[in-house]
Amino acid sequence: MRASRLRVDEGGFTALVGRVLPGEQLELVVDGATVWTFHAEPHRRTRGLPFSLVSMTWPAGLAERLNGRARFAVRRPRGRVLAGVEATVGSSTAPIDLRDDEGRPLVVNKWGELTARFDSADPRLGAAILQLAARLVEVLEADGQKVMITSGTLLGYVRAESLLPFDDDADLAVVVDSSESPADVAGLAYRLKHTLRTAGFDVILHSAAHLQVRVHDLDDGPRAYCDIFLGFFRGDVYCQPFHLRDVVPRTSLTPTIPVAVDGVVLPAPPVPSDWLRACYGPGWMTPDPGFVFRTPEATRARYENWFGTFDFGREYWETVAESSEAHTARSAAAHADAVLRLASELDARHVLDAGCGDGRVTGMMLGAHDTWAIDFAEPAVEHARTHLSGRAQVTRLNLADGRDLLDAQIFAASATSVISTHMVLHVLTGDTRRHMYALMRDALRHGGGVVATFATDHTEERFAFRDPATWHLPVDVLADELAESGLRIAALIDEAARVPGHERATATVSIALIDTTGERR
Amino acid sequence: MITLITERARSVLHRLTPGTRTEVDALREEIDRLRADVDELRRDNLRIAQLHDVVVDRLAGVAADSAEPHPHEGGHRA
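Residues numbered from 1 in each chain as written. Chains lettered and ligands numbered in written order. Predicted model: local features only at pLDDT ≥ 70, side-chain atom pairs only at ≥ 80, totals over all residues. Heavy atoms only, no water.

Turning our attention to the environment of A:F229. Residue and element names in this part refer to chain A. Summarising the element assignment, F229 is placed in strand β14 (residues 224–234). Given the relative accessible area of 5%, F229 is considered buried. For the pair F229 and S207, spaced 22 residues apart in sequence, the C-alpha to C-alpha distance is 9.4 Å. Filtering out sequence-adjacent residues up to four positions away, F229 remains in contact with T150, S151, D171, L172, A173, V174, A209, H210, Q240, P241 and F242. (Helix = DSSP H or I, 4+ residues; strand = E, 2+ residues; numbered from the N terminus. Buried < 20%, exposed > 50% of the residue type's maximum accessible area, 1.4 Å probe, protein only. Contact = heavy atoms within 4.5 Å.)

All names here are of chain A. Ranked by internal contacts, the top residues of the largest apolar core, which has 67 residues, are Y238 and W275. Here this core takes 9 residues from helix α2 (residues 124–142), the largest share from any one element. In this view, Y238 contacts M148, A173, V175, G231, F232, F233, L244, R245, D246, V248, L253 and W275; residues no more than four positions away in its chain are not counted. Judged by nonpolar contacts, the second largest core, of 33 residues, contains V30, V35, F72 and A116. (Core = buried A, V, L, I, M, F, W, Y, C linked by side-chain atoms within 4.5 Å.)

With that settled, consider the pairing of strand β23 (residues 449–455) of chain A. All names here are of chain A. When you tally the buried positions in β23, you get 7 out of 7 residues, the bulk of the element. Across 5 bridges, the pairing between strand β22 (residues 417–422) and β23 is parallel. Along β23, the bridge assignment pairs H422 with T453. In this fold, the crossover linking β22 to β23 by way of helix α12 (residues 430–445) has right-handed handedness. Taken together, the 6 bridges between β23 and strand β25 (residues 506–513) define a ladder with antiparallel strand orientation. Within β25, the residue paired with V450 across the bridge is I511. (Pairing = 2+ DSSP bridges. Right-handed = clockwise from strand over helix to strand, strands pointing away.)

Below is the structure:
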């Protein structure tokens, strides 16, 4: 092996190796540990030659952690090293650390994110996951739903009557065969969310066809997750977001049969191979840690529009909230002062702090009005509840989900309200920002006001889509977006330049309606 | 809206004949607009479900607060 055959940098790697077939499975090894299994795409010009040039871009989760020095190698699964090199990536020369907070080695999962290797996880995790799945099946069946194991859990059962060695959750599907309408399926997702919450489960919606149930601190042990997907038929085509849309006989899915996964009895489809072939393709029986979903555009467009995508960046923001330190941004005082002044001027009964984070800034805006602080990251909500200790209502609410937005809109319209949003607008995706504008409109139409503070420039790091910490929203871009939503910047209240290493450039503005008669008010 | 989209799609179909580059580009743009409108129509499914859920939720709250609930009123949160 010659070290020069592998080059790595911040974007990815290029390897000159012996002949590799298109789609062949290879592994990336970092300091002796397999981190990423992928399908090679040899450069077209080397096809047919006795050597191949393989270039791969780092998956987003791995790219974030590659900053330092390590020994990199590319090899066939558990086989001979094809190319290797000792190299430094990024600005640090410290050893690259690809372990989680608990010291467990991390691997790239099928979403391109880093996750703890299942075989390195707490041995109680598998049992906790399956117990959670069994409890969920019980509640869902009592509610009259047809439930079956699906995805990785079904695959693990068929291969070895066990959880897959690299899986980190359980997967269930609720099969809806009474309606073909996506509206009914979405409606069922919301109903099941209430049902499961009433039964004591911590539920979030990734979309209106994908619920996730989490159990925290199982006897001080690991967190267990279970995904619940809603599947339905349109004619002969079985649809199970986010990926599957193919012909599957109804009799292959229901009525279900009881099977044992690692000894835990769960319902399974009577002909699992039909579901597995439709989802993973004809090669589903062959283990493939490098598998990634390649969802056709027509399917993606249907599912994303029928059911939405509510949780973009949630894990990032939960991590940020978990590591929240006692840091109050420089803009907080000006923001809080503007909110309090506006609330007083308008004699507002409500202040709604949208995206409250750890609640420190909310705490600066308390007054004669009722304050409602909302955030979609659970650790943020926990911090805010502790910090505000009953002086404000704190709720986990996700404005990306139009259902949660309606609750906020009803609140804002029920009495004169001031909407406060501090250091949030610039990290929202376009759809969620439009939801925020709808909330602002409702408050303004009912005599309320809006104060928004946001980052106007990137950090010392240049903008990178995969790193929300670099996202920003220039004032003129905000003004354009507001105009499309019938809103305008009423006043630029405060503006602050970047202080390298400490503070981001920010602006604080008040927002008003553009009157439909053309008059500005 | 569905009828309108269908009519526009039919109109595109009738215009799918060899033409100038400008005409072909105009057709492409119309197809893009149709696709965007279909997506918007799909989003209405979600909005309906969300509105339905909030109404049922609030109705359950109203029923719970009511001194004499109507014997037929229901709602999945009851």
